[in-house]
Amino acid sequence: MKQLVLSEWLLTQLSQGSFPRRMPTHRRIYEAIRQAITDRILISGTRLPSTRNLSQDLSVSRNTILAAFEQLLDEGYVAAQTGSGTYVAYNQPDGFAKKPVSLGATEPLKLQDDIGLSRRGMAAAGSLNRQSHEVQPFTPGEDDYSQFPTMLWRRLLNRQWRAPDPSLLDYGHSGGYLPLRLAIADYLRVSRAVNLTVDQVLITAGTQQSIDLCARLLTDHGDRAWIENPCYWAARRVLEVNGLQLHPVSVDKEGLAPTTEDFRATPKLIYTTPSHQYPKGMVMSYGRRRLLLDYAESRKAWIIEDDYDSEFRFEGRPISSLQGMDQNDRVLYMGTFSKVMYPGIRLGYLVVPPNLVASFKSGLYELQRPGQVVIQAALADFIEEGHFASHIRRLRQTYAERRKLLQKSLASVAEVGARLSPVDSGLHLVVEFDEEVDDVRVAALAAEHRLRVSPLSYYGIGEKREKGLIIGYAYAATESISKYGLVLADVIRAALKK
Ligand SMILES: Cc1ncc(COP(=O)(O)O)c(C=O)c1O
């Protein structure tokens, strides 16, 4: 389709009222282009008109077009190439959804019963995976894989493969490879003050699977679950797919902050990130921890403690786990090897209260048929021989330096009223905006400079969402952080200037 023709086609779509008028204009433009791609009106490799031309042709502001393009970029429908424009990157395969399935990570789902998906299926497929996964300097959730000791890892794997014990090639029985569970138990006892015996540790395929197992074994369809607002999107998705009624609870500087009204909405499950709230970064205070534990005990609710990045605490004393304070066996504690090793390793751990051990081991085996025991054995060696600790030390140093450089280069955003979160741990920081700022637009502007950051509002739930940007600093090379940080600061300042 020629560029002018695309503008005309879009104009027709918009004027025909193919999309509800109350839908924001950027949203309607996004939907129209997305539909043209999924219907193969626009094919792979087609160059889209420039945002400037499109804004003139459609008589809308350039920012409106930018916001639509950003969402298409985010969802992998188009790809941007520096200096040469934006191209259609992806066509949905035949037979796949022809109508929108997703309204973004945290938007309500549209029903899609015409292709036969179940409600659960619709919730699960609700967010289109990014088809083009281009990592950019500040992409949140990306680690610095270049630091991973691949030679050493290969040696440890080879050692296991040289003469593998047949049991290593079988499914993972009894909660996983015992030496790995022992190593994890020792690590958690010492560094996270988790109160446990090795029997309580189960090896899972990461946090998402751990949460899924908890939801399946501890809740029934329709039960209520508290989640943090804003919340880790993957936790939300898993709980939603399990048919739980989600009840968002706000967070403040002391972490999860339930109101009297929230307390009345008794949950079966509470998902929380007490050591480092995701995505905002605060640590849950002692008072709130006590309150939450007492409340969970009084209502016989389960608490899921997602301790996803405590290895990367740069200042102050390590924060103890919530599980370590629990005297009533209400907390299920989980961690992941995605951050310290690499996400594709798909290994994590779940620590369950003693009375749940047998059921969880059997549930894990029946529902997931776990495996990768050879990798579990290599990982056990990696931890026992001290490589895990030294790798964390190295990463911590690198990330602390990057965080400092990024904070410094972003300091000028205070001039336009943006606030830099005081992070002392983790792999990302948050720049907070006032409520009226359109953070999706600011993220779209940053994307124009090939700096992918996430709008904070994507993680929010409901009408009133906090605004800001989530900026990952683990991936960018230390030498280039300041350069990119200054570009991002300029983008934010220009966008927020009154
Ligand atoms: C809050 C939170 N929990 C857990 C994880 C890791 O999940 P997984 O172990 O499934 O890779 C992440 C990854 O970014 C996260 O942000």
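Remember, it's a predicted structure, so these values are computed and weren't measured experimentally.

Structural notes on the environment of Pro274
Consideration 1: Within the element layout of this structure, Pro274 appears in the loop between strand E7 (269-272) and helix H11 (286-299).
Consideration 2: Counting along the chain gives 95 residues from Pro274 to Pro179, while the straight-line C-alpha distance between them is 28 Å.

Overview of the pattern of salt bridges
Consideration 1: For the coordinates displayed, the defined rule picks out 23 salt bridges.
Consideration 2: In this structure, Asp144 and Arg402 form a salt bridge, with 3.0 Å as the shortest nitrogen-oxygen distance. Separated by 258 residues along the polypeptide, Asp144 in the loop between helix H5 (119-124) and helix H6 (150-162) and Arg402 in helix H14 (residues 387-410) bring together distant segments of the chain.
Consideration 3: Judged by relative accessible area, Asp144 falls into the buried class, the value being 9%.
Consideration 4: For Glu315, the salt bridge goes to Arg403, with nearest N and O atoms at 2.8 Å. Taken together, the residues span a long stretch of sequence, with Glu315 in the loop between strand E8 (302-306) and strand E9 (331-336) and Arg403 in helix H14 at a distance of 88 residues.
Consideration 5: What makes Glu315 partly exposed here is its relative accessible area of 40%.
Consideration 6: Note on Arg403: relative accessible area 3%, which makes it buried.
Consideration 7: One continuous salt-bridge network, built from bridges that share partners, spans Arg27, Glu31 and Arg34.

A word on the packing of helix H13 (residues 373-384) against H14
The geometry of a pair of packed helices is captured by two quantities: the angle between their axes and the separation between those axes.
Consideration 1: Taken N-terminus to C-terminus, the directions of H13 and H14 make an angle of 70 degrees; their axes are 4 Å apart at the nearest point. When the axes of H13 and H14 are compared, the pair comes out roughly perpendicular. Contacts from Asp381, Phe382 and Ile383 of H13 reach H14 at His387, Phe388 and His391.
Consideration 2: Split by residue class, the contact of H13 with H14 holds three nonpolar, two polar and one charged.

A short note on the domain arrangement of the chain
Consideration 1: As assigned here, the chain comprises domain 1 (3-124), domain 2 (172-370) and domain 3 (390-496).
Consideration 2: Centre-to-centre separation of domain 1 and domain 2, based on C-alpha positions: 37 Å.

Some remarks on the site of the ligand
Consideration 1: Residues in close proximity to the ligand include Gly206, Thr207, Gln208, Tyr232, Tyr271, Tyr278, Asp306, Tyr308, Thr336, Ser338, Lys339 and Arg346, which together make up its full environment.
Consideration 2: Backbone polar atom of Thr207 to an oxygen atom of the ligand: 2.8 Å apart, as the coordinates give it.
Consideration 3: Alone, the ligand offers 400 Å² of accessible surface; in the complex the protein occludes 91% of this.
Consideration 4: Here the residues of the shell around the ligand are counted per class, giving four nonpolar, five polar and three charged.

A word on the sheet that holds strand E6 (residues 255-256)
Consideration 1: As summarised here, the arrangement of the eight strands in space is E3-E10-E9-E8-E7-E4-E5-E6, forming an open sheet in which the pairing is mixed. Two strands in the sheet have a free side with no partner beyond their single neighbour: strand E3 (201-204) and E6.
Consideration 2: Bridge analysis of E7 against E8 gives four bridges, and the strand direction is parallel. Bridged to Leu269 within E8 is Trp302.
Consideration 3: Across the sheet, helix H7 (residues 178-192) is in contact with E3, E9 and strand E10 (348-351); its angle to E3 comes to roughly 115 degrees.

Analysis parameters
Residues numbered from 1 in each chain as written. Predicted model: local features only at pLDDT ≥ 70, side-chain atom pairs only at ≥ 80, totals over all residues. Heavy atoms only, no water. Helix = DSSP H or I, 4+ residues; strand = E, 2+ residues; numbered from the N terminus. Salt bridge = Lys/Arg side-chain N within 4 Å of Asp/Glu carboxyl O. Buried < 20%, exposed > 50% of the residue type's maximum accessible area, 1.4 Å probe, protein only. Axes fitted to C-alpha atoms, helices over the stretch in contact; angles between N-to-C directions. Parallel < 35°, antiparallel > 145°, perpendicular 65-115°, else oblique. Contact = heavy atoms within 4.5 Å. Nonpolar A, V, L, I, M, F, W, Y, C, P; charged D, E, K, R; others polar. Domains from an automatic or database assignment. Near = heavy atom within 4 Å. Polar contact = N/O pair within 3.5 Å; in protein donor to acceptor, adjacent residues only side chain to side chain. Areas by Shrake-Rupley, 256 points an atom, 1.4 Å probe, with all protein chains shown as cover. Pairing = 2+ DSSP bridges.

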